[in-house]
Amino acid sequence: HHEVVGIGVVGELYIGGVCLARGYVGRPDLTAERFVPAPGELGLAPGARLYRTGDLAYRRWDGVVEFLGRVDHQVKIRGFRVEPGEIEAVLAAGEGVKEAVVVVKGEGAAGKRLVAYVVGRDGAARPNPGQLRSRLGGQLPDYMVPGVVVALERLPLTANGKVDRAALRAMAEPAVGEKRRPSRPGEELLAALWQEVLGIAEVGCDEDFFALGGHSLIATRLMARVRAVFGVELPLVALFEAPTVAALARRLEELGRGEEYRPPPLEAMARDGELPLSFAQQRLWLLEQLAAVGAAYNVALAFSVEGGLSVPALAGALAAAVARHETLRTTFREQEGRPVQVIAPARAAREWARQALVDLAGLGEAARMVEARRLAREEAGRPFSLARGPLLRLVLLRLGERSHWALLVLHHIISDLWSLAVLLRELVACYEAAQAGRPARLPALPVQYVDYAAWQRGWLRGEVLAAELQYWRERLAGAPAVLELPFDRGRPAVASYRGATVEARWAPPAPAALRALCRRHGATLFMGLWALTAALLARLAGQQDVVVGTPVANREQLATEGLIGFFLNTLVLRADLHGEPVFAALVERLRRS
């Protein structure tokens, strides 16, 4: 048995000193302990290092390498790779802590959460979970701080004396103990909603939502449930102002039912007339008519599929997803001067879910990867026709007998980043069901995206729309038309859509200090980063008024969580730096806005 190691700088994969594959790229953002000096017999440049992947493999007598599993417990949380052992080391260094174990609970990208279990030293006071979480928050990134820390008398062990992680994952947590339990109906309903979105067993009335592991995405899901259960419209900021069950329950009681206008329920519409576009869809449709935007609004994703792949099963899975989501078989046409949606029948799903297979296995290794990347760029940059459709395509690149790349491209008018996660999750479920010879077990969809578009149009009109527009007119009154940054060339008359992404990494003290500052002012890390960005842009541009756009999920209705569609909205953020506020004051100012 060998632990798999790869050389990040040159992109080669080794096991036991034997080069197995090229093109592997190490992750420089992980801790230094995962990098080890390269043995001299490999003939690499001086100072080359190997990356410990955490994979365990077995090399048979005939040279074939078989993957066995993991030698560590590395997991992915909210898109970040997390090594629980690093968190355990920080916890174990805490005062009075004898042992610490971190496990992952929950399923799916949004449902996974970290839970830490600690045991105190003999004769010492029982560790304080709140103090331990605060200590972690000062030393680790937010995504590595467990939402819950549970103090135990002892850790469960397996028959051979090792920590029983399976037993910890099955253990309910945290017990409310002496914390005040919900006693009134409003508190009980809210506590149940918190338990659902946070994935924990019990919630005390005075526990802080964000201290329990909540963040902005989970907060959005919680507020959608509050709207559905209590029938009132609460802004997201209400949760920051009242972050406990007791405080939010009081806020709901003060608001009362029906005292604030709330939108009608989102329900399925009749399909016997024109099918309207949402405001977001209309915006993209209009841009397509005004200028040739090409592939600027393509949403593209490439991912590798290792192991045996059944192409017919994948085709069936994609067809099932297209049949399930009307938006995946929708086109957009002009009718009497107005754009309308045209939805193909579900029986045409296979025709709309066509996929192409390109076999590159016959090429040499270097040529194969060059051609695969070229095709991926080409597919991502190939425009769609909104009137003809289909507005999604799947291209499979066969790299070898058990290696494929899947190139998935959709037009933004029918999808967003959240939608990609929904589509991938359902593709996997449908593919596995097809392989097992059974129907996929997916929850029914009470509404479709076109129902949301009709609901939005029916609600945002008349006095309601006028009030919304008036709010933004006042909010943006006198805002600068552009941000006068010192560019090294003039603004083009027509957008070129050429750009780049530049990454920068902070040394550990800086993020910890910013997180601590945000906590002191009741702000999220996003708010602190926005304040930092606004201060930087203001200084570079010589302006005291900075306006930027930021994308928000915009899925405020509970029924929209499982839909594929274009819900994303670009929210305008305006930062007022008049009076030269100190940074802490700027964070407080932007938190309120």
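Here, the structure is the one placed above.
Since the model is a prediction, treat every value here as computed from it, not as a measurement. (Residues numbered from 1 in each chain as written. Predicted model: local features only at pLDDT ≥ 70, side-chain atom pairs only at ≥ 80, totals over all residues. Heavy atoms only, no water.)

**A few points about the side chain of R227**
To be explicit about the condition: Runs of H or I in DSSP of at least four residues are treated as helices and runs of E of at least two as strands, each being numbered from the N terminus. Note on classification: 1.4 Å probe, protein chains only; a residue is buried when its accessible area is under 20% of the maximum for its type, exposed when over 50%, partly exposed between these limits. Residues adjacent in sequence count toward polar contacts only when both atoms are side-chain atoms; beyond that, a polar contact is any pair of N or O atoms within 3.5 Å, and within protein one must be able to donate a hydrogen and the other to accept it. Pairs of residues are marked as contacts when any of their non-hydrogen atoms sit within 4.5 Å.
As for its position among the elements, R227 is in helix α6 (residues 216–230). Taking relative accessible area as the criterion, R227 reaches 13% and is therefore assigned buried. A distance of 3.2 Å separates a polar atom in the side chain of R227 from the backbone oxygen of L234. A polar contact of 3.3 Å, which involves the side chain of R227, links it to the backbone oxygen of E556. In this structure, R227 is in contact with V232, E233, L234 and E556, ignoring residues within four places of it in sequence.

**Structural notes on the nonpolar core**
Put simply, the rule is: To form a nonpolar core, buried Ala, Val, Leu, Ile, Met, Phe, Trp, Tyr and Cys residues must be joined to one another through side-chain atoms within 4.5 Å.
Core analysis: the largest hydrophobic core is formed by 49 residues, its most contacted members being L328, F332, L410, I413 and L423. Secondary structure elements with two or more residues in this core: α9 (279–290), α10 (311–324), α11 (349–352), β16 (392–400), β17 (403–411), α13 (417–436) and α14 (449–459). The element best represented in this core is α10, accounting for seven residues. Look past the residues within four positions of F332 in its chain and what remains in contact with it is L277, Q281, W285, V340, Q341, L386, A387, L391, I413 and I414. Residues Y117, I200, C205 and A242 belong to the second largest nonpolar core, which totals 38 residues.

**Looking at the packing of aromatic side chains**
Basically, it comes down to this: Aromatic contacts are taken between Phe, Tyr and Trp rings whose centres are within 6.5 Å, Trp giving its six-membered ring; a plane angle under 30 degrees counts as stacked, one over 60 as edge-to-face, and the others as tilted.
Under the defined criterion, the tally for this structure stands at seven aromatic pairs. Relative to F567, the ring of Y449 has its centre 5.0 Å away and its plane inclined at 75 degrees; by these criteria the two rings are edge-to-face. Linking Y449 in helix α14 with F567 in the loop between β18 (545–552) and β19 (569–576), this pair joins segments that are 118 residues apart in sequence. In this structure F567 comes out as buried when scored by relative accessible area, which is 1%. Here a set of aromatic residues connected by ring pairs shows up, and it is made of Y449, Y452, W455, W459 and F567.

**A few points about the packing of α10 against α13**
The cut-off we apply is this: In this description, a line fitted to the C-alpha atoms serves as the axis of each element, helices being fitted only across the stretch in contact, and the angle between N-to-C directions of two axes falls anywhere from 0 to 180 degrees. In this scheme, roughly parallel covers angles under 35 degrees and roughly antiparallel covers those over 145, while 65 to 115 is roughly perpendicular and the rest are oblique. Handedness of a crossing follows from how the near helix is turned relative to the far one, being left-handed for an anticlockwise turn of less than a right angle and right-handed for a clockwise one. Under the scheme applied here, ten amino acids are nonpolar (Ala, Val, Leu, Ile, Met, Phe, Trp, Tyr, Cys and Pro), four are charged (Asp, Glu, Lys and Arg), and all others, including Gly, are polar.
Direction vectors running N to C along α10 and α13 enclose 125 degrees, while the axes themselves pass 8 Å from each other. Classed by the angle they form, the pair α10 and α13 counts as oblique. In this structure, the crossing between α10 and α13 has a hand that is right-handed. Every residue of α13 that contacts α10 at A313, L314, A317, L318, A320, A321 and R324 is listed here: L423, E426, L427, C430, Y431, A434 and Q435. Its residues placed into classes, the contact of α10 with α13 shows 11 nonpolar, one polar and two charged.

**Side note on unusual backbone geometry**
Cis rather than trans, the peptide bond between G389 and P390 has omega equal to -15 degrees. In this structure, P390 sits in the loop between α12 (365–380) and β16. Backbone geometry at N554 places phi at a positive 65 degrees, although glycine is not the residue there. On the secondary structure map, N554 appears in the loop between β18 and β19. Judged by its relative accessible area of 24%, N554 falls in the partly exposed class.

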